[in-house]
Amino acid sequence: MAEALVPRMQGFGETIFAEMSALAVRTGSINLGQGFPDTPGPAAMLDAAAEAVRAGDVQYPPGPGVPELREAVAAQRLQRYGLAYDPATEVFVTVGATEGIAASVLALAGPGDEVVVFEPYYDSYAAVIALAGAVRRPVLLRPSGGRFTFDPDELRAAVGPRTRLLLLNSPHNPAGTVFTREELETIADVVREHDLVAVTDEVYEYLTFDGTEHIPLATLDGMRERTVSVSSAGKTFSVTGWKTGWVTAPARYVRAVQTVKQFLTYAAAAPWQRAAAYALGSELAWVAELRASLEGKRDRLVSGLEAAGFTAYSPQGTYFVQADIRPLGFTDGRELARALPEKVGVVAIPTQVFYDHAEAGAHFLRFAFCKKDEVIDEAVERLSRLR
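What counts and how
- Residue numbering note: each chain is counted from 1, following its sequence as written.
- The predicted nature of this model means local features are confined to residues of pLDDT at least 70 and side-chain atom pairs, given and counted, to a pLDDT of 80 or more, with totals for whole chains, interfaces and linings taken over all residues.
- The basis for the side-chain values is all heavy atoms of the structure; hydrogens and waters are excluded.
- Secondary structure follows DSSP: runs of H or I at least 4 residues long count as helices, runs of E at least 2 residues long count as strands, and numbering of each begins at the N terminus.
- UniProt positions are given in the numbering used here, feature names are shortened, and annotations may be inferred rather than shown by experiment.
- A pair of strands is labelled paired if DSSP reports no fewer than 2 bridges between them.
- Residues count as neighbours in contact if any of their non-hydrogen atoms are within 4.5 Å of one another.
- For helices, the axis comes from a line fit to the C-alpha atoms of the stretch in contact; other axes are also lines fit to C-alpha atoms, and the angle between any two N-to-C directions lies between 0 and 180 degrees.
- Throughout, the edges of the domains are those of an automatic or database domain assignment.
- Joining two parts hides part of their accessible area as seen by a 1.4 Å probe, and the buried area is that hidden amount summed over both.
- Within this document, salt bridges are pairs made up of a side-chain nitrogen of Lys or Arg and a carboxyl oxygen of Asp or Glu, the two lying within 4 Å of each other.
- Each helix should span, by expectation, one fewer than its residue count multiplied by 1.5 Å.
- Burial classes follow relative accessibility: with a 1.4 Å probe on protein chains only, a residue under 20% of its type's maximum area counts as buried, one over 50% as exposed, and anything between as partly exposed.
- Each C-beta atom gives one direction from the helix axis, and the arc is the one those directions make.
- Here, nonpolar core means buried Ala, Val, Leu, Ile, Met, Phe, Trp, Tyr and Cys residues that are tied together by side-chain atoms lying within 4.5 Å of each other.

Our next topic: unusual backbone geometry. The bulk of non-glycine residues show a negative phi, and the bulk of peptide bonds are trans. Of note, the amide linkage connecting Glu119 to Pro120 takes the cis form, showing an omega dihedral of 5°. The topology assignment puts Pro120 in the loop between strand E3 (114-119) and helix H5 (123-131). For the bond from Asn173 to Pro174, the omega torsion is 15°, close enough to zero to count as cis. Within the fold, Pro174 resides in the loop between strand E7 (163-169) and helix H7 (181-193). One non-glycine residue with positive phi stands out, namely Asp195, at about 55°. You can see Asp195 is positioned in the loop between H7 and strand E8 (197-201). The phi dihedral of Lys243 is positive, around 50°, even though this residue is not glycine. Structurally, the position occupied by Lys243 is in the loop between strand E9 (227-232) and strand E10 (245-248).

Dropping the structure here:
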């Protein structure tokens with residue numbers, strides 16, 4: 001029988017997250033693979049969602065999003081970053097940031113266009129670029145000075161006459177890097193020089209550590225008018241299953257994204273939108289406590305991984321630690337990740353699946369620390385048996 005998938009999607013099977021989470025369930029392992037918290041978001045936010053459901057808010061909301069969420073997002077961007085967006089024409093609600101990124105790429109890149117992306121990259125980036133019929137041009141992030149960064153010359157070399165988009169994730173999953181102003185200025189120079197559009201994934205915008213500042217690319221000179229920014233409630237408020245995200249961009253780009261998104265899911269669930277609107281206006285103190293808690297969990301996991309024999313890179317943001325497996329005598333992260341559940345009862349993600357140049361990430365595993373302290377402690381105790 002002929003292959004069912006169209007050629008551009010061959011090679012994209014079950015996501016690594018689904019594979020490893022299923023393996024965790026099958027083996028009863030601790031899941032430090034998929035990045036979801038094991039505690040819920042703020043109680044008043046959950047109550048707001050429940051009240052919306054009980055009030056009968058269960059039909060289609062407006063396709064662009066309920067007005068109160070669009071207004072809350074616009075207020076957040078203005079108050080936090082000084083970026084002014086019209087909630088009626090420049091803010092658009094999506095079914096999570098993943099859909100926001102997908103709709104943006106599908107709307108703004110077509111067959112033969114090139115999309116510059118930093119690798120390692122979140123796995124949906126490669127898939128949606130392929131869906132668009134576009135070509136990805138990866139720029140490698142390498143460890144340097146305890147964090148992952150890029151070579152500006154390699155970024156410039158990745159841009160050619162067919163380049164249309166630059167896809168940027170900061171704070172960066174899975175590397176944990178929060179790009180500095182200097183790095184962002186380099187990126188902005190390239191975008192402006194080549195008349196590109198930047199799509200920025202900022203879902204971890206509040207989850208940075210050690211006083212590290214998240215700087216949206218759109219705040220740099222001349223970048224608001226050429227940047228499509230994507231964020232969501234999922235990571236900020238520990239409600240990843242609500243799949244409530246948003247796009248902020250100049251109106252012409254929002255119209256393009258809406259044209260695609262309306263034929264994907266049409267609308268996001270109204271109760272979660274209303275609860276997210278409430279939380280953006282009233283629960284940022286809770287988010288500050290979450291950030292402080294995650295910083296402690298990060299340190300707990302990094303210390304435990306190092307004690308177990310890994311070389312661990314302490315992230316500046318996100319939920320994730322990159323761990324080099326070579327000090328323990330391993331070289332193939334995919335092989336080790338699939339063996340860990342049986343060996344010690346822990347699940348991690350092999351970072352090499354997020355690279356075009358898989359050899360560059362073959363010796364890394366990604367571990368999530370958005371878990372209860374006792375779960376992290378038990379996991380690192382089990383991992384110490386690898387020695």
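The UniProt feature table records "domain: Aminotransferase class I/classII large" (unreviewed entry) at residues 30-383. Within the segment residues 30-383, helix and strand shares are 39% and 18% respectively, and the terminal C-alpha atoms sit 11 Å apart.

Take the sheet that holds strand E12 (residues 320-324) next. Ordered in space as E11-E12-E15-E14, the 4 strands form an open sheet in which the pairing is antiparallel. Each edge of the open sheet is held by one strand with a lone partner, namely strand E11 (311-313) and strand E14 (349-350). Most of the contacts of helix H10 (residues 284-307) go to E12, to which it runs at about 15°, and overall it touches E11, E12 and strand E15 (364-368).

For the chain, the domain assignment lists domain 1 (7-41 + 285-386) and domain 2 (59-282). Inter-centroid distance (C-alpha atoms) of domain 1 to domain 2 is 24 Å. In this assembly, 37 residues from domain 1 lie in contact with 39 residues from domain 2. Note on domain 1 versus domain 2: buried area summed over both sides is about 3,200 Å², and carbon and sulfur give 61% of it. Among the residues domain 1 hides against domain 2, the three largest losses belong to Gln316, Thr318 and Phe354. Together they make up 21% of the total. In this assembly, domain 1 and domain 2 are joined by 2 salt bridges.

This part covers the sheet that holds E3. Strand order in this open sheet of 7 strands is E2-E10-E9-E8-E7-E3-E4, and the pairing throughout is mixed. With partners counted over all chains shown, the strands left at the sheet margins are strand E2 (91-94) and strand E4 (135-140), one partner each. The average angle at which neighbouring strand axes cross in this sheet is 20°, direction not considered. Here 6 bridges tie E3 to E4, and the two strands are oriented parallel to one another.

Between the first and last C-alpha of helix H2 (residues 43-54) there are 16 Å, a value that for 12 residues agrees with the 16 Å anticipated at 1.5 Å per step. Regarding H2, the residues found buried are Met45, Ala49 and Ala52. Axial view of H2: buried residues confined to an arc of 60°, hence all on one face. Those residues of H2 that are exposed and angled more than 90 degrees off the buried face are Ala43, Asp47 and Arg54. Taken together, the buried residues of H2 touch helix H9 (270-282). Looking one or two residues beyond H2, the residue adopting positive phi is Gly56, at roughly 90°.

Our next topic: the pattern of salt bridges. Applying the stated criterion to the full structure yields 27 salt bridges. Notably, a salt bridge pairs Arg338 with Glu19, separated by 2.9 Å at the nearest N-O pair. Here Arg338 is found in helix H11 (residues 333-343), whereas its partner Glu19 is found in helix H1 (residues 16-27), with 319 residues between them in sequence. Taken together, the shared-partner salt bridges in this structure form one network comprising Glu90, Arg224, Glu225 and Arg252.

Within the largest apolar cluster, 100 residues are counted, with the highest numbers of intra-cluster contacts made by Leu69, Leu301, Leu305, Phe310, Phe367 and Leu383. Here this core gathers at least three residues from each of two domains, domain 1 (7-41 + 285-386) and domain 2 (59-282). With residues up to four places along the chain from it excluded, the contact list for Leu69 reads Val93, Thr244, Trp246, Gln273, Ala276, Ala277 and Leu280. Counting residues in each nonpolar core, the second largest holds 28 residues, with Leu140, Leu141, Phe150 and Ile187 among its members.

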